Amino acid sequence: MAIAAKRQEASVSPLAAPQLAFADATLALGGKTIIENLNLGVRPGEFLCIVGASGCGKTTALRLAAGLYQPTSGAVTFDGQPMLQPRREIAIVFQDYGKALLPWRTAAGNVSLALEAGGISVTERPARIDALLRKVGLPGHAEKYPAEMSGGMQQRLQIARCLAQEPKALLMDEPFGALDAMTRQGLQDEVLSLVAASNATVIFVTHDLDEAIYLGDRVVGLLPHPGRIGIELAVNLPRPRDQLATREHPEFLRLRRQLFDFIKATEQ
């Protein structure tokens, strides 16, 4: 199934100033350097994927982008301002949806949490909640609790809660890693559709090379110990993307080989 994605075709200008930028960003924790001299700019509306071997600092880089960590040296900026703390304009989707959702709140209650934090009035919330749940494919599930939902449904709910913030940037940390292949592919297409509609900038961390190429405008691979950029590839594949045609495209196969060879070399 092809997914409309006009955002990536029309709005991501290679000449645009970065919305989120790492400038010689280095982070040391417990006397160990995790990220070193990371220089990376993410343009408004761009879908950037980060891959790399386990322990290379992918999640740490995402936490720097979110303002959850502060660089030991260098800087991380958003819209030209230092990321000194988390900001409402940046939403995070975690892999562990079970811990990200509040089990004592229904689906509607979990989405409402973001609206409450944003100061949305009680009278406005029901219509917004209904629209968001429909947008992520959860109509009719507003009164269910997370424990009553499948893993895919819980991840959709977490995404709906993030979208309730109306973020400029969406940071996703291996959000589909625990899901089965069919659910994963379905959510990949849903995410492409949702971010196209919102025009959000996305940084997406994954171990799955096929997923990175399928989703991204650009893929960055990190070298481990410490984490730093080892490869950077533009994904010049037609949009809208299609789960079968895109993955069989010669350019897709070429990019996958490059990334596979890179990851293999870092593991030696």
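On a predicted model such as this, the values are computed, not experimentally measured, just so you know.

Further remarks concern the overall build of the protein. Counting its secondary structure elements, the protein contains 10 helices and 10 strands. A globule of 268 residues ought to have a C-alpha radius of gyration of about 18 Å, and the protein, at 18 Å, matches this closely. Summarising its shape, the C-alpha atoms of the protein cover approximately 50 × 45 × 35 Å along the three principal directions. Partitioning the intrachain contacts of the protein with sequence separation of at least 6 by distance along the chain shows that 70% fall at a separation of at least 24. When the accessible area of the protein is evaluated, it comes to approximately 12000 Å², of which 54% is carbon and sulfur surface. Averaging the locations of the 28 positively and 28 negatively charged side chains of the protein gives two centres separated by 2 Å.

As a further point, take the sheet that holds strand S2 (residues 32-42). Remark on secondary structure: sheet strands pair via backbone hydrogen bonds, oriented parallel or antiparallel. Sheet architecture is open: 4 strands sit in the order S2-S1-S4-S5, paired in antiparallel fashion. Among the strands making up the open sheet, the edge pair consists of S2 and strand S5 (81-82). In terms of strand pairing, strand S1 (residues 20-29) meets S2 through 7 bridges, oriented antiparallel. Its bridge partner lying in S2, Leu-29 is registered against Lys-32.

Residues Phe-47 and Ile-159 are the most contacted members of the largest nonpolar core, which totals 52 residues. The element contributing the most residues to this core is helix H6 (residues 151-163), with 6 residues. Judged by nonpolar contacts, the second largest core, of 28 residues, contains Leu-38, Phe-78, Leu-171 and Val-205.

If you trace the backbone, Thr-183 turns up in helix H7 (residues 181-198). When the C-alpha atoms of Thr-183 and Leu-163 are compared, they prove to be 20 Å apart, with 20 residues separating the residues in sequence.

Turning to its location among the elements, Thr-26 is positioned in strand S1. Sequence-distant contacts of Thr-26, that is, excluding residues within four places in its chain, are made with Thr-33, Ile-35, Glu-36, Asn-37, Pro-71, Thr-72 and Ser-73.

Of note, the bond from His-225 into Pro-226 is cis; its omega dihedral lies within 30 degrees of zero at 0°. Assignment of secondary structure puts Pro-226 in the loop between strand S9 (218-223) and strand S10 (228-234). In the Ramachandran plot, Asp-79 falls in the positive-phi region, its phi being about 55° despite a non-glycine side chain. Here Asp-79 lies in the loop between strand S4 (73-78) and S5. The partly exposed category is assigned to Asp-79, whose relative accessible area is 35%.

Okay, the packing of aromatic side chains next. Using the criterion set out here, one finds 2 aromatic pairs in the structure. The interplanar angle of 40° and the centroid separation of 6.0 Å between the aromatic rings of Phe-47 and Phe-204 together place this pair among those described as tilted. Highlighted residues: Phe-47 in strand S3 (residues 47-52) and Phe-204 in strand S8 (residues 201-205), separated in sequence by 157 residues. Residue Phe-47 is classed as buried on the basis of its relative accessible area, which comes to 0%. On the basis of relative accessible area, Phe-204 is assigned to the buried category, the value being 0%. Aromatic pair Phe-176 and Phe-204: ring centres 5.8 Å apart, planes at 55°, arrangement tilted. Of this pair, Phe-176 sits in the loop between strand S7 (169-173) and H7 while Phe-204 sits in strand S8, placing them 28 residues apart in sequence. Here the aromatic cluster, defined as three or more aromatic residues joined through ring pairs, consists of Phe-47, Phe-176 and Phe-204.

Scoring rules and cut-offs
Just so you know, the residues in each chain are numbered from 1, in the order the chain's sequence is written. Restriction of local features to residues with pLDDT of at least 70 applies here, the model being predicted, together with a cutoff of 80 or more for giving and counting side-chain atom pairs; totals for whole chains, interfaces and linings are based on all residues. As a convention, hydrogens and water are excluded, and side-chain values are obtained from all of the structure's heavy atoms. In this text, helices come from DSSP runs of H or I with a minimum length of four residues, and strands from runs of E with a minimum of two, each type numbered from the N-terminal end. We compute the radius of gyration from the C-alpha atoms alone; for a globule the expected value is 2.2 Å times N to the 0.38, where N is the number of residues. Any two residues whose heavy atoms approach within 4.5 Å at even a single point are treated as in contact. Computed by Shrake-Rupley with a 1.4 Å probe, the accessible areas treat only the displayed protein chains as cover when residues are assessed. Neither His nor the chain ends is counted toward charge; the positive residues are Lys and Arg and the negative residues Asp and Glu. Where a charge lies is defined by one atom per residue type: Lys uses NZ, Arg uses CZ, Asp uses CG and Glu uses CD. Strand pairing follows a simple DSSP-based rule, namely that at least 2 bridges must link the two strands. Only buried residues count toward a nonpolar core. Its members are Ala, Val, Leu, Ile, Met, Phe, Trp, Tyr and Cys residues joined through side-chain atoms within 4.5 Å. Buried means the residue's accessible area, taken with a 1.4 Å probe over protein chains only, is under 20% of the maximum for its type, while exposed means over 50%, and partly exposed covers the values in between. Stacked, tilted and edge-to-face pairs are distinguished by plane angle, under 30 degrees for stacked and over 60 for edge-to-face with tilted covering the rest, among Phe, Tyr and Trp rings (Trp via its six-membered ring) whose centres lie within 6.5 Å.

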